[in-house]
Amino acid sequence: MVEFPSALWKDYELIDCGSGEKLERFGAFVLARPEPKALWDKSLPPGEWERLAHTRFKPGAGFGKAGKEDSGTWERLHRMDEQWYAAYSPEGGCSMSLRLGLTSFKHVGIFPEQAPNWDFIYRKCRSMNHPKVLNLFAYTGAASLAARSAGAEVTHLDSVRQVVSWARANMERSGLDGVRWVVEDAMKFARREARRGNLYDGIILDPPAYGHGPDGEKWKLDECLFEMLRTVATILTPGGFVVLNLYSNGYSAALGETLVREAFGIPHAAMQPDTECSGGAKISSGELALRDSFGKVLPLSIVVRLERQV
């Protein structure tokens, strides 16, 4: 399974990719950023990239080192705003307005390949009766807003206070309210919810390869992910869903699916993706990708979705 953002999303476009970079339009502005997975040649000549891009990210000295993989600075090529907005409102789906900005880690506030997850979360929440959703490692909140716009009661958690404030601003800009904001270490919070017996109908996880909690707690994906998934399994309702997204290089959809099956006690034998199994759950896995204007496919993350059957 390979999924792409809807063609109905007019505020995002992958124009070109190659030679370790991608050229993207977010709303009114075009950005050139490093992309290690773009191993092929660019389709447009360098002069066209320079003409189209308003700004280009220049990697810093720490680029490629653990914890500093994306550090660097932006080189302005044409006049552009410091902050701007992109709308997301595909037909029949969620509707939100997301603030964008240039950070020192090459990110701008959204990961556009995540749009299929936003649509899935919206559809699942619309099909449920007042669901409770927990978004761990929630960043600037697009997945939280997808759930909230579908009527879910949402708890949004991130360990970085500034990005939680960014997410709150996105909620207000989108005309929504009522999201519960938590600045906390994800593992600590999930364990505490398990002790309290609090359950959720939907749980979203988009963990980084490395990270730190607000009190210096260390997160290393390889060491903590399985334990996190086992904890999540204890706080998911019988009819609930889980969305796990992974960016770590070296991880595959098959690995992610095996992790989820083991953590949730879902049988492996004779199982096929996207089918209901004897463990009372439906599971699917695959890749989230972007397609540039020349048809080149750029896979960027893997996703595993679990839907428990009542």
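Below is a short write-up of the structure.

A short note on the sheet that holds strand S2 (residues 12-18)
Step number 1: Taken in spatial order, the five strands make up an open sheet running S2-S3-S4-S5-S6, and their pairing is mixed. Each end of this open sheet is capped by a strand with a single partner; those strands are S2 and strand S6 (72-76). Along the sheet, successive strands turn relative to each other by an average axial angle of 20°, direction set aside.
Step number 2: Note that strand S5 (residues 55-59) and S6 share five bridges and pair antiparallel. Each bridged residue has a counterpart across the sheet, and for threonine 55 the counterpart in S6 is arginine 76.

A word on helix H2 (residues 115-126)
Step number 1: Here H2 contains twelve residues, and its C-alpha end-to-end distance of 17 Å stays within 8% of the 16 Å for a straight helix at 1.5 Å per residue.
Step number 2: Along H2, the residues classified as buried are Ala115, Pro116, Asn117, Trp118, Asp119, Phe120, Ile121, Tyr122, Lys124 and Cys125.

Thoughts on the nonpolar core
Step number 1: Within the largest apolar cluster, 49 residues are counted, with the highest numbers of intra-cluster contacts made by Phe26, Met96, Trp118, Ile121, Cys125, Val133 and Phe241.
Step number 2: Broken down by element, this core gets its largest block of residues, six residues, from H2.
Step number 3: In contact with methionine 96, other than residues within four places in its own chain, are Ala86, Ala87, Tyr88, Trp118, Ala142, Leu145, Ala146 and Ser174.
Step number 4: Counting residues in each nonpolar core, the second largest holds 36 residues, with Leu157, Trp219, Leu221 and Leu246 among its members.

Overview of the pattern of salt bridges
Step number 1: Following the criterion strictly, the structure yields 20 salt bridges and no others.
Step number 2: In this structure, glutamate 21 and arginine 56 form a salt bridge, with 2.8 Å as the shortest nitrogen-oxygen distance. With glutamate 21 in strand S3 (residues 21-26) and arginine 56 in strand S5, this residue pair connects regions lying 35 residues apart in the sequence. Each member of the pair, glutamate 21 as well as arginine 56, carries the same accessibility label: buried.
Step number 3: A salt bridge links arginine 148 to aspartate 177; the shortest N-O distance between them is 3.7 Å. A residue pair is termed long-range when its members are at least 10 positions apart, and arginine 148 in helix H3 (residues 142-149) and aspartate 177 in the loop between helix H4 (161-173) and strand S11 (180-183) qualify at 29 residues.
Step number 4: On the basis of relative accessibility, which here comes to 23%, the residue arginine 148 falls in the partly exposed class.

Calculation criteria
- Residues numbered from 1 in each chain as written.
- Predicted model: local features only at pLDDT ≥ 70, side-chain atom pairs only at ≥ 80, totals over all residues.
- Heavy atoms only, no water.
- Pairing = 2+ DSSP bridges.
- Helix = DSSP H or I, 4+ residues; strand = E, 2+ residues; numbered from the N terminus.
- Axes fitted to C-alpha atoms, helices over the stretch in contact; angles between N-to-C directions.
- Expected span 1.5 Å × (residues − 1).
- Buried < 20%, exposed > 50% of the residue type's maximum accessible area, 1.4 Å probe, protein only.
- Core = buried A, V, L, I, M, F, W, Y, C linked by side-chain atoms within 4.5 Å.
- Contact = heavy atoms within 4.5 Å.
- Salt bridge = Lys/Arg side-chain N within 4 Å of Asp/Glu carboxyl O.

Limitation: the analysis is restricted to geometry and does not speak to function.
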